[in-house]
Amino acid sequence: MSILRLLHYNKTLSDISSGVYACGEHCDYGFMTFLAVDDMPGLEVELRDGSWLGVNRIDGAFIVNIGDMLQRWTNDLFRSTNHRVLNRHGKERYSIPFFLQMGQETVIECLPTCCSESNKPKYPSVTFGNYLRAKLDKLY
């Protein structure tokens, strides 16, 4: 159930103090997200201390965001990337992320190599479909 999506960001300048973002902060629900870089910066990731860091571009590279499913599979060894998009240039732009996801019936539970007697699984077992529906129900 992977998705290649075309996103449009309008030319409205972001104003954090007023809550105006090109895309508000969130984590991606699936396994990983791949995003080709362009010459228009705007993606920021949240650091563990709660501050935000702009993602620098590297020619020919892809940005890879870890999603919720990898976090759950690895028992937080890899953390889902909380991120947002700011428009600091007042220009319209497009982005084409590839969301690598699994099938609706895929069971998501801690991998045996990521838990132990002293590091119990942090999340209950769930199918990706049920997890996704619960997330979307909160939004809509």
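Report follows, based on the coordinates. Nothing here was measured: the structure is a model prediction, and the numbers come from that model.

As for the environment of I58
With respect to the secondary-structure elements, I58 resides in the loop between β6 (52-54) and β7 (62-66). Here I58 falls in the exposed class, since its relative accessible area comes to 56%.

Examining the nonpolar core
Core analysis: the biggest nonpolar cluster contains eight residues, these being M69, W73, M102, I108, V126, F128, Y131 and L132. Breaking this core down by element, the ones donating at least two residues are α1 (68-73) and α2 (128-139). When residues of this core are assigned to their parent elements, the largest contribution, three residues, is made by α2. Counting residues in hydrophobic clusters, the runner-up holds seven residues, among them L35, L43, I63 and V85.

Let's talk about the side chain of T127
Looking at the secondary structure, you find T127 in strand β12 (residues 126-127). Residue class for T127 comes out buried when judged on its relative accessible area of 16%. Non-local contacts of T127, meaning those with residues more than four positions away in its chain, are made with Q104, E105, T106 and V107.

Here's the deal with a nonpolar patch on the surface
A cluster of nonpolar side chains, namely L4, L6, Y94, I96 and F98, defines an oily patch on the protein surface of about 530 Å² accessible area. By the secondary structure assignment, L4 is in strand β1 (residues 3-4).

The rules behind the values
Residues numbered from 1 in each chain as written. Predicted model: local features only at pLDDT ≥ 70, side-chain atom pairs only at ≥ 80, totals over all residues. Heavy atoms only, no water. Helix = DSSP H or I, 4+ residues; strand = E, 2+ residues; numbered from the N terminus. Buried < 20%, exposed > 50% of the residue type's maximum accessible area, 1.4 Å probe, protein only. Core = buried A, V, L, I, M, F, W, Y, C linked by side-chain atoms within 4.5 Å. Contact = heavy atoms within 4.5 Å. Patch = residues over 30% accessible without salt bridge, like charges linked within 9 Å, V, L, I, M, F, W, Y side chains within 5 Å. Areas by Shrake-Rupley, 256 points an atom, 1.4 Å probe, with all protein chains shown as cover. Salt bridge = Lys/Arg side-chain N within 4 Å of Asp/Glu carboxyl O.

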